[in-house]
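So the chains spell out like this:
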Amino acid sequence: MVNLMDYKKALERILMGKQRKIDVGRIDEEYCITVVGIGLDGKVAEVNNISKYKKWFNFIRLGALSYVLSFLQVLLKYRPVNIQLNVDGEKLVFLMSG
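Residues numbered from 1 in each chain as written. Predicted model: local features only at pLDDT ≥ 70, side-chain atom pairs only at ≥ 80, totals over all residues. Heavy atoms only, no water.

A. Layout of the overall build of the protein. Across its full length, the protein holds four helices and four strands. Sequence-ordered secondary structure for the protein, helices as α and strands as β, is α-β-β-α-α-α-β-β. Summarising its shape, the C-alpha atoms of the protein cover approximately 50 × 45 × 30 Å along the three principal directions. Residue burial in the protein is summarised as follows: out of 98 residues, 12% are buried. Considering only contacts in the protein between residues 6 or more positions apart, those separated by 24 or more positions represent 21%. Counting every atom, the protein has about 9,300 Å² of accessible surface; 59% of that belongs to carbon and sulfur. Distance from the positive charge centre (15 side chains) to the negative charge centre (10 side chains) of the protein: 8 Å. (Helix = DSSP H or I, 4+ residues; strand = E, 2+ residues; numbered from the N terminus. Buried < 20%, exposed > 50% of the residue type's maximum accessible area, 1.4 Å probe, protein only. Contact = heavy atoms within 4.5 Å. Areas by Shrake-Rupley, 256 points an atom, 1.4 Å probe, with all protein chains shown as cover. Lys, Arg positive; Asp, Glu negative; His and termini not counted. Charge placed at Lys NZ, Arg CZ, Asp CG, Glu CD.)

B. Geometry of the packing of helix α2 (residues 40-50) against helix α4 (residues 63-77). Interaxial distance between α2 and α4 falls to 9 Å at its minimum, and their mutual angle equals 120 degrees. As judged from the angle between their axes, α2 and α4 are oblique. Here α2 and α4 pass one another in a crossing that is right-handed. Contacts from Leu40, Lys43, Val44, Ala45, Val47, Asn48 and Asn49 in α2 reach Ser66, Tyr67, Ser70, Phe71, Gln73 and Val74 in α4. A per-class count over the contact of α2 with α4 returns seven nonpolar, five polar and one charged. (Axes fitted to C-alpha atoms, helices over the stretch in contact; angles between N-to-C directions. Parallel < 35°, antiparallel > 145°, perpendicular 65-115°, else oblique. Left-handed = near helix turned anticlockwise from the far one by under 90°. Nonpolar A, V, L, I, M, F, W, Y, C, P; charged D, E, K, R; others polar.)

C. Highlighting the packing of aromatic side chains. The full count for this structure, using the stated rule, is two aromatic pairs. Ring plane angle 80 degrees and centroid distance 6.2 Å describe the contact between Tyr53 and Phe57, whose orientation is recorded as edge-to-face. A residue pair is termed a helical-turn pair when its members lie 3 or 4 positions apart in one helix, as Tyr53 and Phe57 do in helix α3 (residues 53-59) at four residues. For Tyr53, a relative accessible area of 19% corresponds to the buried category. Measuring from centroid to centroid gives 6.3 Å for Trp56 and Phe59, while their planes differ by 80 degrees, and the two rings are edge-to-face. Here Phe59 and Trp56 lie together in helix α3, a separation of three residues that amounts to about one turn. (Phe/Tyr/Trp six-rings, centres within 6.5 Å; stacked < 30°, edge-to-face > 60°.)

D. The arrangement of the UniProt feature "transmembrane region" (unreviewed entry) in the protein in detail. Within the UniProt annotation, "transmembrane region" (unreviewed entry) is assigned to residues 59-76. Regarding residues 59-76, the helix share stands at 83% and the strand share at 0%, and the terminal C-alpha atoms are separated by 27 Å. (UniProt positions renumbered as here; feature names shortened; annotations may be inferred.)

E. Here's a closer look at α4. Between its first and last C-alpha, α4 extends 23 Å over 15 residues, near the 21 Å set by a 1.5 Å rise per residue. Taken as a whole, α4 has its buried residues at Gly63, Ser66, Ser70 and Val74. The buried residues of α4 all sit within an arc of 65 degrees when viewed along its axis, so they share a single face. Away from its buried face by more than 90 degrees, α4 exposes Ala64 and Leu76. Looking at the buried positions of α4, the neighbouring elements they touch are α2 and α3. (Expected span 1.5 Å × (residues − 1). Arc of directions from axis to C-beta.)

Next up, the structure:
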């Protein structure tokens, strides 16, 4: 359930022109502001976005099913990968066991 006060605070911030710094992610020349997926969820999104069936599922208003199909495809082949991030000049490495 959404709290009505959250809307009031957001509207107040907009109307008062208050600015707030936020982090923006970048991978090569691509920027992201709201969501980043790495690992299994990122692979599902990638497979879904390049699939031919996504367009058809969206056309018949069953777009969420394309993610289910993509998830099943990825689940059969996915293997964990090592990840290296550079955050504010600090190198972070995540080694996945598999």
